[in-house]
Amino acid sequence: DQQVKQNSPSLSVQEGRISILNCDYTNSMFDYFLWYKKYPAEGPTFLISISSIKDKNEDGRFTVFLNKSAKHLSLHIVPSQPGDSAVYFCAASWRGGSEKLVFGKGTKLTVNP
Amino acid sequence: DSGVTQTPKHLITATGQRVTLRCSPRSGDLSVYWYQQSLDQGLQFLIQYYNGEERAKGNILERFSAQQFPDLHSELNLSSLELGDSALYFCASSVGGRASVEQFFGPGTRLTVL
């Protein structure tokens, strides 16, 4: 039972354009969401997070949007840069419960120069 | 560099064998987490230790066990290995005991079971 789904295994965009990575979740108890970025041969690194009391969080070129009614979140990268090429993992947590992070399978983003 | 170290980087072994993966958390971090990433899968949470005590358990098989030592480094022991255990194993650490915070990941250990 996959509680966090990233339905697009890959995404390709042009440098300077917007990248939109999507994530859906099924567990309505999740109240905290994170995005991690992973380069080959490295561990994931934290990118940005959002609490369920917000619908948007911004950090530089990265913005995460949360739509609780649709159980959907998205990560926007504007403008995209070749160095953003990596695998992006969405993760969710229930802070009021077990708290463990539940990860999606990841989306491989390629930003073409 | 996240500050989390994992050894070894690669491990090749045979079915039925036992291996130990080692993790040193960032300086000051009290929690250590273990994750498994199999082919085409997301990271699956295995277990969390906080200051030497088991804090949370995920989908960890009975053949697997872990511990955290007084110096806060952790070891993940995998025994009676099967082909399906081949995966990337990541260790992560965080300051406190809450899992829903930014976790810092090591580079992983790639285990191949032949």
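A brief look at the structure comes next.

Cut-offs used in this document
Residues numbered from 1 in each chain as written. Chains lettered and ligands numbered in written order. Predicted model: local features only at pLDDT ≥ 70, side-chain atom pairs only at ≥ 80, totals over all residues. Heavy atoms only, no water. Phe/Tyr/Trp six-rings, centres within 6.5 Å; stacked < 30°, edge-to-face > 60°. Helix = DSSP H or I, 4+ residues; strand = E, 2+ residues; numbered from the N terminus. Buried < 20%, exposed > 50% of the residue type's maximum accessible area, 1.4 Å probe, protein only. Lys NZ or Arg CZ within 6 Å of the ring centre and 35° of its normal. Pairing = 2+ DSSP bridges. Axes fitted to C-alpha atoms, helices over the stretch in contact; angles between N-to-C directions. 1 Å grid on protein atoms, 1.4 Å probe; cavity = no way out; pocket = protein on both sides within 12 Å on 5 of 7 lines; lining within 4 Å. Points joined across faces, edges and corners; volume = space filled by probe spheres on them. Nonpolar A, V, L, I, M, F, W, Y, C, P; charged D, E, K, R; others polar.

Counted according to the given criterion, the structure contains 12 aromatic pairs over all chains. An angle of 85° between the planes, with centres 6.3 Å apart, marks the rings of A:Phe103 and B:Phe105 as edge-to-face. Remark: B:Phe105 occurs in strand S10 (residues 104–105) and A:Phe103 occurs in strand S10 (residues 102–103); the pair is interchain, linking two chains. By relative accessible area, A:Phe103 is classed as buried at 5%. Here B:Phe90 and B:Phe105 contribute two aromatic rings whose centre-to-centre distance is 6.3 Å and whose plane-to-plane angle is 80°, an arrangement assigned as edge-to-face. Here B:Phe90 is found in strand S9 (residues 87–94), whereas its partner B:Phe105 is found in strand S10, with 15 residues between them in sequence. Summarising the burial analysis for this pair, B:Phe90 and B:Phe105 share the class buried. Through a chain of ring-to-ring contacts, three or more aromatic side chains come together here, namely A:Tyr36, A:Phe46, A:Phe89, A:Phe103, B:Tyr35, B:Phe45, B:Phe90 and B:Phe105. One Lys or Arg, B:Arg26, reaches over the ring of B:Phe104 and ends 3.6 Å from the middle of that ring.

Let us now look at the sheet that holds strand S3 (residues 19–24) of chain B. Residue and element names in this part refer to chain B. A sheet is described by the order of its strands in space; here four strands give the open sequence S1-S3-S8-S7, paired in antiparallel fashion. Because the sheet does not close on itself, it has two edges, and the strands there are strand S1 (5–7) and strand S7 (64–68). Adjacent strand axes in the sheet meet at a mean angle of 15°, parallel and antiparallel pairs treated alike. Alignment of S3 against strand S8 (residues 74–78), held across five bridges, turns out to be antiparallel. The residue bridging Val 19 from the neighbouring strand is Leu 78, located in S8.

The space that makes up the largest pocket amounts to roughly 760 Å³. Around the largest pocket, the lining comprises 31 residues; the ones closest to its centre are A:Lys38, A:Val87, B:Gln37, B:Leu88 and B:Arg110. With four residues, the single largest contributor to the lining of the largest pocket is strand S11 (residues 109–113) of chain B. When grouped by side-chain class, the residues that make up the lining of the largest pocket number 12 nonpolar, 13 polar and six charged.

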